[in-house]
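Each chain is listed here by its residues.
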Amino acid sequence: MKAIVYTKYGTPDVLELKEVDKPIPTDNEVLIKVYAVSINDWDLGLLQGDLINRLMNGLLKPKIKILGSDIAGRIEAIGKNVKKFQLGDEVYGDLSGRWGGFAEYTCARENELALKPVTMSFEEAAAIPQAAMLAIQGLHDKGQIHTGQKLLINGAGGGVGTFAVQISKLYGVEVTGVDSSGKLEMMRSMGFDHVIDYTQEDFTKNGQCYDLILDVKTNRSISDYTRALCTNGIYVTVGGSMVRLLQALILGPWISMISKKNIRIVGLKQNKDLAYMNELFEAGKIKPVIDGPYKLDEVPKAFRHFGEGVHKGKVVITV
Ligand SMILES: NC(=O)c1ccc[n+]([C@@H]2O[C@H](COP(=O)([O-])OP(=O)(O)OC[C@H]3O[C@@H](n4cnc5c(N)ncnc54)[C@H](OP(=O)(O)O)[C@@H]3O)[C@@H](O)[C@H]2O)c1
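What counts and what doesn't
Residues numbered from 1 in each chain as written. Predicted model: local features only at pLDDT ≥ 70, side-chain atom pairs only at ≥ 80, totals over all residues. Heavy atoms only, no water. Helix = DSSP H or I, 4+ residues; strand = E, 2+ residues; numbered from the N terminus. Buried < 20%, exposed > 50% of the residue type's maximum accessible area, 1.4 Å probe, protein only. Contact = heavy atoms within 4.5 Å. Phe/Tyr/Trp six-rings, centres within 6.5 Å; stacked < 30°, edge-to-face > 60°. Lys NZ or Arg CZ within 6 Å of the ring centre and 35° of its normal. Near = heavy atom within 4 Å. Polar contact = N/O pair within 3.5 Å; in protein donor to acceptor, adjacent residues only side chain to side chain. Areas by Shrake-Rupley, 256 points an atom, 1.4 Å probe, with all protein chains shown as cover. Disulfide = S-S within 2.5 Å. Pairing = 2+ DSSP bridges. Axes fitted to C-alpha atoms, helices over the stretch in contact; angles between N-to-C directions. Parallel < 35°, antiparallel > 145°, perpendicular 65-115°, else oblique. Left-handed = near helix turned anticlockwise from the far one by under 90°. Right-handed = clockwise from strand over helix to strand, strands pointing away. Salt bridge = Lys/Arg side-chain N within 4 Å of Asp/Glu carboxyl O.

A. A look at the environment of Leu151. In this fold, Leu151 is placed in strand 8 (residues 150-154). Remark: the alpha-carbon pair of Leu151 and Leu229, spanning 78 residues in sequence, is separated by 9.8 Å.

Spelled out as structure tokens, the structure:
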């Protein structure tokens, strides 16, 4: 089968289209013919080989050589212990940890997958898993979003933000999105009530306060975020600068104790809310924003586009 393979850490130039052996599912796995896969920030970290990703995937060179976690495809073979799926089922899910999505075939356990609604395209399905789970778990599980709130999303024009705005609108909240100037028009069209260009304005210093902040960049100090929260406000980070995340982890509990403001961190629960996403999609309440689709041999180009930060929504590859 064809796959995008890397054997050393580096820029997207180290990604190569190669012929490799088709994977064989174990008794607890299914074999999936991949039709679409999307790029996540984690793929880029594993490609570049920052320290944390090297600790996971090999200090000197990558152990797992095919990246790609968010896939959608059709089941072509089934291990004998698999109960939930049948041959031909159209499925999608987040395979992070095992990876292998930038390929014509990959394997997965049944608890890593959900059935894809027939009205959802493979490209839309591949856009959903990681970004939508982070949005739901950030807004709902950690953020306790409710009607009438003022919400701010920092890093709002990418994967998580474009799901988060659609989900938050279901709760009747007023949403402000922060991103670079090239994305603000798209963000307005998606339903953001207010947009802020972070190169022109610092939302932590504009005198406004927010009941809930969802942050995908975490590039400011915890005291800045605390200042931007209203009384009883909640700041939720899904990721960003490691130093800032450590600050949130250490100082967050103290801030919650001494003030009426809360600092929380999302630990991704992979695939937990895919059934809820199916419901929202089938009810016409959620539409993934797709940048692309690119072809499998264009994965290096797609990674460059993603790495430059100019993408809107999710960068998707059709296999
Ligand atoms: N918590 C967990 O368990 C877990 C698991 C997996 C991933 N993650 C995290 O989830 C996040 C993924 O988010 P995503 O998929 O939405 O990423 P994304 O698609 O790259 O979107 C990030 C957006 O932030 C914008 N941005 C860049 N610098 C900014 C700044 N200074 N201020 C405001 N916005 C800025 C980018 O646009 P421009 O570049 O054009 O400015 C981009 O539109 C990452 O932080 C990742 O580490 C967390």
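From this point, the discussion proceeds with the structure in view.
B. Structural context of helix 1 (residues 41-48). Burial in helix 1 covers these residues: Asp43, Leu44, Gly45, Leu46 and Leu47. For helix 1, the elements touching its buried residues are strand 3 (29-38), helix 2 (51-57) and helix 10 (299-307). Looking one or two residues past helix 1, Gly49 carries a phi angle of roughly 75 degrees, positive in sign.

C. Expanded view of the packing of aromatic side chains. Scanning the model with the defined rule gives 6 aromatic pairs in all. With a centroid separation of 6.1 Å and an interplanar angle of 70 degrees, the aromatic rings of Tyr6 and Tyr9 are classed as edge-to-face. Accessibility classification places Tyr6 together with Tyr9 in one group, the buried group. The side chain of Lys33 reaches across the aromatic face of Tyr105, ending 5.4 Å from its centre. Sitting over the ring of Phe122, Lys116 keeps its end group 4.6 Å from the ring centre.

D. Highlighting the site of the ligand. Among the 26 residues in the neighbourhood of the ligand, the closest are listed as Asp179, Lys183, Tyr198, Asn219 and Val266. Between Gly159 and the ligand, the recorded distance is 2.9 Å, taken from a backbone N or O atom to an oxygen atom. At 2.8 Å, a backbone N or O of Val160 approaches an oxygen atom of the ligand. Relative to its unbound accessible surface of 950 Å², the ligand loses 83% to contact with the protein.

E. Molecular detail of the state of the cysteines. Under the criterion given, the structure shown has 1 disulfide. Across the disulfide, Cys209 is cross-linked to Cys230 (sulfur-sulfur distance 2.1 Å). Because the sign of the S-S torsion sets the handedness, a value of about 95 degrees for the bond joining Cys209 and Cys230 places this disulfide among the right-handed ones. Taken together, the residues Cys209 in the loop between strand 10 (194-197) and strand 11 (210-215) and Cys230 in strand 12 (residues 229-237) connect sequence positions 21 residues apart. In this structure Cys209 comes out as partly exposed when scored by relative accessible area, which is 30%.

F. Structural detail: the sheet that holds strand 9 (residues 174-179). In spatial order, the strands read 10-9-8-11-12-13; together these 6 strands make up an open sheet with parallel pairing. The sheet is open, and its two borders are formed by strand 10 and strand 13 (262-265), each paired with just one other strand. Each adjacent strand pair in this sheet contributes to an overall mean axis angle of 15 degrees, direction not counted. Pairing of strand 8 with strand 9, which is carried by 5 bridges, proceeds in the parallel orientation. Bridge assignment links Leu151 to a residue of strand 9, and that residue is Val175. Along the sheet, helix 8 (residues 242-258) contacts strand 12 and strand 13; its crossing angle with strand 13, the most-contacted strand, is approximately 140 degrees.

G. Examining the packing of helix 4 (residues 129-142) against helix 5 (residues 159-169) more closely. Closest axis-to-axis distance for the helix 4/helix 5 pair is 8 Å, and the angle between their directions is 50 degrees. Classified by the angle their axes make, helix 4 and helix 5 are oblique. Considering the relative orientation of helix 4 and helix 5, their crossing is right-handed. Residues Ala131, Ala132, Leu134, Ala135, Ile136 and Leu139 of helix 4 lie in contact with helix 5, whose contacting residues are Gly159, Val160, Phe163, Ala164, Ile167 and Ser168.

H. Inspection of the pairing of strand 10 at higher detail. Alignment of strand 9 against strand 10, held across 4 bridges, turns out to be parallel. Each residue of the ladder has a partner; that of Gly177, found in strand 10, is Val195. Assessed by its sense of winding, the connection that carries the chain from strand 9 through helix 6 (residues 184-190) to strand 10 is right-handed.

I. Summary view of the pattern of salt bridges. This model, assessed by the stated rule, comprises 18 salt bridges. When the shortest N-O distance is used, the salt bridge between Lys18 and Glu16 registers 3.8 Å. The exposure class of Lys18 is partly exposed, given its relative accessible area of 34%. We note a salt bridge from Lys272 to Asp273, for which the minimum N-O separation is 3.0 Å.

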